[in-house]
Amino acid sequence: MRTFLSAVLIVLVAVLVPASAVAYWTDHELGNADRYTAAMSPLAEDPAVQGVVVSQAGRALAGQIDAGPFQSGVDSLLGEALRSFAGTPAYRTAWDAANRAAHAAFLKALTTGDGDAVTIDLAPVIERVKGELVADGVPFADRIPVTHVSVKVMEYDGLGALRKGFRMLQIAGVWLPVLTVVLAAAAIAVAVHRRRAVIATGLGVAVGAVLLWIAVAVCRRLTLDDLPADIDRAAAAAVYDALTAFLRTTAWVVLAIGLAAALAAWLTGRLRRTP
């Protein structure tokens, strides 16, 4: 009975490892403005994301400046200015500001049911570009309207299903990892052969890490396959990878811990048998 109970607990641990990681990620990564902004910050240098920002901002500003016969030249100049600005530190600062503002909207979409997309307001980027062009004395730059342009970087038709579990995962973000550790300790404590239980528990933890990695990969494919045609797939993939980087890192760390624990217990048994 003790062996059977230990085996059941180890199976529960393997199942709870990915669930615990997702719950912790939801609460401490997606639910925290600073960590969300830090996760999205490297995307400022991603070519696909830069391309979306430049094209959307340029499309929004094109034709809004009445330059008469110089209209095409002004629109071309704006496009060049946006592409040049995308490689500057000022752009990265504006990008972080835009993402911090987007975080509130992102949480609102998951908690209130308003919206089915992750969007970023480009107003901070446009404002920075306008300021630099005015400072450089570019004609008509002072007429650039600082308009709110929302770039849709990810849309998910089943976001309603995510909303239902978001609050539950936030609540479980603290106690579920603790429960997983307690169950792992209990699986070892109730076992008849504790060294074998340590090996089995370590392998169970490793299996849970593999399940987490598979879940992240499968969800990535499903999310990208569900994207509408008007959303840049490469940019959406970059956003998904940035947001789930914590889960992938956690999967590798937990896998290493589980295998190390199992290997250490196995080696300890081998050494004891050595005369």
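The shown structure was predicted, so the numbers you read here are calculated from the model rather than taken from an experiment. (Residues numbered from 1 in each chain as written. Predicted model: local features only at pLDDT ≥ 70, side-chain atom pairs only at ≥ 80, totals over all residues. Heavy atoms only, no water.)

> What exactly am I supposed to notice about the nonpolar core here?
What tends to happen in soluble globular proteins is that the nonpolar side chains get buried as a cluster. If you look at the biggest cluster of nonpolar residues, it comprises 32 residues, and the most contacted ones within it are L43, V49 and W95. Ranked by the residues each element gives to this core, the list is headed by helix α9 (residues 233-243), at six residues. Discounting chain neighbours no more than four positions away, the residues touching L43 are V49, W95, A238, V239 and A242. By size, the runner-up hydrophobic cluster in this structure holds 16 residues, among which are L9, V205, A206 and L255. (Core = buried A, V, L, I, M, F, W, Y, C linked by side-chain atoms within 4.5 Å. Buried < 20%, exposed > 50% of the residue type's maximum accessible area, 1.4 Å probe, protein only. Helix = DSSP H or I, 4+ residues; strand = E, 2+ residues; numbered from the N terminus. Contact = heavy atoms within 4.5 Å.)

> Even after reading the chapter, I still don't get the packing of helix α8 (residues 194-225) against α9, so can you show me in this structure?
Helix-helix packing: each pair is described by the crossing angle between the helix axes and the interaxial distance. α9 packs onto α8 with a crossing angle of 150° between their chain directions and a minimal axis gap of 10 Å. By the angle class used here, α8 and α9 are roughly antiparallel. By crossing handedness, the relation of α8 to α9 is classed as right-handed. Here α8 contributes V216, C219, R220, T223, L224 and D225 to the contact with α9, which in turn contributes R233, A236, A237, Y240 and D241. Here the residues of the contact of α8 with α9 sort into six nonpolar, one polar and four charged. (Axes fitted to C-alpha atoms, helices over the stretch in contact; angles between N-to-C directions. Parallel < 35°, antiparallel > 145°, perpendicular 65-115°, else oblique. Left-handed = near helix turned anticlockwise from the far one by under 90°. Nonpolar A, V, L, I, M, F, W, Y, C, P; charged D, E, K, R; others polar.)

> Looking at this structure, how should I read the side chain of T180?
With respect to the element layout, T180 can be found in helix α7 (residues 159-190). Taking the relative accessible area as the measure of exposure, T180 reaches 9% and is therefore buried. At a separation of 2.6 Å, a polar atom in the side chain of T180 contacts the side chain of S20. (Polar contact = N/O pair within 3.5 Å; in protein donor to acceptor, adjacent residues only side chain to side chain.)

> How should the pattern of salt bridges be read in this particular structure?
Where charged atoms of side chains with opposite charge meet at close range, the side chains can pair. Counted under the stated rule, the structure contains five salt bridges. R221 is the partner of D225 in a salt bridge, and the nearest nitrogen-oxygen pair spans 3.9 Å. One end of the pair, D225, and the other, R221, are both in helix α8, four residues apart, so they sit about a helical turn from each other. The class of D225 is partly exposed, set by a relative accessible area of 46%. Between D225 and R233 there is a salt bridge, with its nearest N and O atoms 3.3 Å apart. The class of R233 is partly exposed, set by a relative accessible area of 46%. The network of salt bridges with shared partners includes R221, D225 and R233. (Salt bridge = Lys/Arg side-chain N within 4 Å of Asp/Glu carboxyl O.)

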